[in-house]
Amino acid sequence: MDGKLDEKVWSTIPVLSGDFHFPWDAKEAPLTVFKGYHDSTNFYFGFEVTDTNVLVDKEWKLDESTVDREDRVELFFAGGSVDKPTPKGMPKYYAIEVDPSGRVHDYSIEYYRKFDSKWKLEGLETKSVKTETGYTVESKIPLKSLETLELIQDNLMRTGIYRAEFSTPKQGEKDPVMEWISWADPRTPAPDYHVDSSFGEFRGYLKSRNFGLFLQ
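Residues numbered from 1 in each chain as written. Predicted model: local features only at pLDDT ≥ 70, side-chain atom pairs only at ≥ 80, totals over all residues. Heavy atoms only, no water.

Colleague: An account of the overall build of the protein chain is needed here, citing residue identities and associated values.
Modeller: Each helix and strand in the protein chain was counted, giving 2 helices and 12 strands. A principal-axis box enclosing the C-alpha atoms of the protein chain has dimensions of 50 × 40 × 35 Å. Per-residue burial over the protein chain gives 50% buried out of 216 residues. When contacts within the protein chain are restricted to residue pairs at least 6 apart in sequence, those whose partners lie at least 24 apart make up 61%. As displayed, the protein chain offers around 11200 Å² of accessible surface, 49% of which is attributable to carbon and sulfur atoms. (Helix = DSSP H or I, 4+ residues; strand = E, 2+ residues; numbered from the N terminus. Buried < 20%, exposed > 50% of the residue type's maximum accessible area, 1.4 Å probe, protein only. Contact = heavy atoms within 4.5 Å. Areas by Shrake-Rupley, 256 points an atom, 1.4 Å probe, with all protein chains shown as cover.)

What follows is the structure in structure tokens.
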């Protein structure tokens, strides 16, 4: 992996692109392209991000909180409901956030928004490359790691796909302009990915190399 997404295999993987939008803003979102596939050993995913104002910090804090003020792409994985009790209680779910330099903030989550940044996704590898139009991200996760966490059930993986689109702070302000892009529309009054309605499904992981990607 080198973060460039120029290997031949990527050209054979269907693109999920046009569904990414600003759920909380009535304007067109910049292009976000997502692809995902597996080779029976690893799950691979890639993003191609169009961004004319890429925000990335030179320094990286040990607690990975640097990413909170950067552009980034995100995947959430859940084995069950993230906001409704089940007979077994409220299971943990998991997040991966990757910045334009390939640096990762991965963490587990308990309802509601109780983050454990010490948690690490075993075997996760990421690379990113800045491009003339933004940046690309290439990553892989061992399927065994996802299975151990009980995230693949009946050939389904419940997944949220997101992008934090940040811009240079406005004049006189310290905080960056923060906008939120999602594959699914969470249908919440304020930005919130930590709800069931922000997830879709990856289907058919045993049947073929390609995942089918479906919204709920």
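So, next bit.
Colleague: Before we move on, could you go through the sheet that holds strand β8 (residues 134-142) and cite the residues and values that matter?
Modeller: If you trace the 4 strands from one edge of the open sheet to the other, you get β1-β2-β8-β7, paired in antiparallel fashion. Bordering the open sheet on either side are β1 (32-38) and β7 (125-130), each of which pairs with just one other strand. Adjacent strand axes in the sheet meet at a mean angle of 10°, parallel and antiparallel pairs treated alike. Both β7 and β8 contribute to a ladder of 6 bridges, which runs antiparallel. Residue Val129 lies in a different strand from β8, and its bridge partner there is Thr136. (Pairing = 2+ DSSP bridges. Axes fitted to C-alpha atoms, helices over the stretch in contact; angles between N-to-C directions.)

Colleague: Describe the side chain of Thr159, naming the residues involved and giving the relevant values.
Modeller: As for its placement among the helices and strands, Thr159 is situated in strand β9 (residues 156-167). In this structure the side chain of Thr159 is engaged in a polar contact, spanning 3.3 Å, whose partner is the backbone oxygen of Met157. Sequence-distant contacts of Thr159, defined by excluding residues within four places in its chain, comprise Leu75, Phe76, Phe77, Trp183, Phe199, Gly200 and Phe202. (Polar contact = N/O pair within 3.5 Å; in protein donor to acceptor, adjacent residues only side chain to side chain.)

Colleague: Any chance you could break down the pairing of β1 for me, citing the residues and the numbers?
Modeller: Across a regular strand the side chains alternate sides, sitting on one face of the sheet and then on the other. Buried residues dominate β1, accounting for 7 of its 7 residues. The two faces of β1 match: Thr32, Phe34, Gly36 and His38 on one face and Val33, Lys35 and Tyr37 on the other face are all buried. Judged from the 7 bridges that link them, β1 and strand β2 (residues 42-50) form a sheet pairing that is antiparallel. In the sheet register, His38 faces β2, and the bridge partner there is Phe43. Hairpin connection from β1 to β2: 3 residues lie between these consecutive antiparallel strands, with Ser40 at a positive phi of about 75°.

Colleague: Lay out unusual backbone geometry in plain terms, naming residues and giving numbers.
Modeller: Look at the link from Tyr111 to Tyr112: it is a cis peptide, with omega at 0°. Within the secondary structure, Tyr112 is located in the loop between β5 (104-110) and β6 (114-116). One non-glycine residue, Arg187, adopts positive backbone phi at about 55°. Considering the arrangement of structural elements, one finds Arg187 in the loop between β10 (177-182) and β11 (200-203).

Colleague: Before we move on, could you go through the layout of surface pockets and cite the residues and values that matter?
Modeller: Of the pockets and cavities examined, the largest pocket occupies roughly 330 Å³. Taken together, 17 residues line the largest pocket, and the ones lying closest to its centre are Arg72, Glu97, Arg113, Trp180 and His194. Looking at the lining of the largest pocket, the elements that each hand over two or more residues are β3 (72-78), β5 and β10. Per-class residue counts for the lining of the largest pocket are 8 nonpolar, 3 polar and 6 charged. Here the second largest pocket is characterised by a volume of approximately 230 Å³. Taken together, 13 residues line the second largest pocket, and the ones lying closest to its centre are Gly79, Gly80, Pro91, Glu150 and Gln153. (1 Å grid on protein atoms, 1.4 Å probe; cavity = no way out; pocket = protein on both sides within 12 Å on 5 of 7 lines; lining within 4 Å. Points joined across faces, edges and corners; volume = space filled by probe spheres on them. Nonpolar A, V, L, I, M, F, W, Y, C, P; charged D, E, K, R; others polar.)

These values are about where atoms sit, not about what they do.
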